[in-house]
Amino acid sequence: MPVARKSPHSHGRSEVRTRKDLAPAIKRELRLLGARLRELREARGLSQEDAAELMGLHPKYMPRLEGGTANPTVATMVAASVAYKVPLRELFLEPDERGTDK
């Protein structure tokens, strides 16, 4: 039976969130993204449960996502843009850069 070899590229878990030079910026941006997602959901009159259903997410994930403590994937962000009917880039615009929400 062949012996499984480790990939030379296997470095374990990413350290990006624990790096002192990156952690504050990541935390800030996740909070801003979460607030933006909450704003879009509320503008559409959706509960967190309704939004989770539209996005294909577990309802218990929504408070973490909107609270900025989750680390969403690109797929989750695409699902949010589809659910809220906004371009993906709209999720990341600063308040002064975006128009009125539909």
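Please refer to the structure placed before this passage.
Residues numbered from 1 in each chain as written. Predicted model: local features only at pLDDT ≥ 70, side-chain atom pairs only at ≥ 80, totals over all residues. Heavy atoms only, no water.

1. Section: the overall build of the protein chain
The secondary structure content of the protein chain amounts to four helices and zero strands. The buried share among the 102 residues of the protein chain stands at 29%. Pairs at least 24 residues apart make up 55% of the contacts formed inside the protein chain by residues separated by at least 6 positions. For the protein chain, the accessible area works out to roughly 7,600 Å², and carbon and sulfur atoms hold 56% of it. (Helix = DSSP H or I, 4+ residues; strand = E, 2+ residues; numbered from the N terminus. Buried < 20%, exposed > 50% of the residue type's maximum accessible area, 1.4 Å probe, protein only. Contact = heavy atoms within 4.5 Å. Areas by Shrake-Rupley, 256 points an atom, 1.4 Å probe, with all protein chains shown as cover.)

2. Considering the environment of Leu91
By the secondary structure assignment, Leu91 is in the segment after helix H4 (74-83). Counting along the chain gives eleven residues from Leu91 to Ala80, while the straight-line C-alpha distance between them is 8.5 Å. Setting aside residues no more than four positions away along its own chain, Leu91 makes contact with Leu33, Arg36, Leu37, Leu40, Met77, Ala80, Ser81 and Val86.

3. Section: helix H1 (residues 23-43)
Along its 21 residues, H1 runs 30 Å from first to last C-alpha, staying within 8% of the 30 Å computed at 1.5 Å per residue. Where H1 is buried, its residues meet helix H2 (48-55), helix H3 (61-67) and H4. (Expected span 1.5 Å × (residues − 1).)

4. Comments concerning the nonpolar core
Soluble globular proteins tend to bury their nonpolar side chains together. Counting residues in each nonpolar core, the largest one holds 19 residues, and the members touching the most others are Leu37, Met55, Leu57, Met62, Leu65, Tyr84 and Leu91. The set of elements that each furnish at least two residues to this core consists of H1, H2, H3 and H4. In contact with Leu65, not counting residues within four places along its chain, are Gly34, Leu37, Leu57, Ala70, Pro72, Thr76 and Met77. (Core = buried A, V, L, I, M, F, W, Y, C linked by side-chain atoms within 4.5 Å.)

5. Quick notes on a nonpolar patch on the surface
Together, Val74, Val78, Val82, Leu88 and Phe92 give the surface a local cluster of nonpolar side chains, amounting to about 460 Å² of exposed area. Overall, Val78 belongs to the partly exposed group, its relative accessible area being 36%. (Patch = residues over 30% accessible without salt bridge, like charges linked within 9 Å, V, L, I, M, F, W, Y side chains within 5 Å. Salt bridge = Lys/Arg side-chain N within 4 Å of Asp/Glu carboxyl O.)

6. A look at the pattern of salt bridges
Applying the stated criterion across every chain yields a total of seven salt bridges. Between Asp21 and Arg19 there is a salt bridge; the shortest N-O distance is 2.9 Å. In this structure, Glu66 engages Arg41 in a salt bridge whose closest nitrogen and oxygen atoms are separated by 2.6 Å. In this pair, Glu66 is assigned in helix H3 and Arg41 in helix H1, connecting sequence segments 25 residues apart.

7. Considerations on the environment of Leu30
Locating Leu30 in the fold gives a position in helix H1. Judged by relative accessible area, which is 10%, Leu30 ranks as buried.

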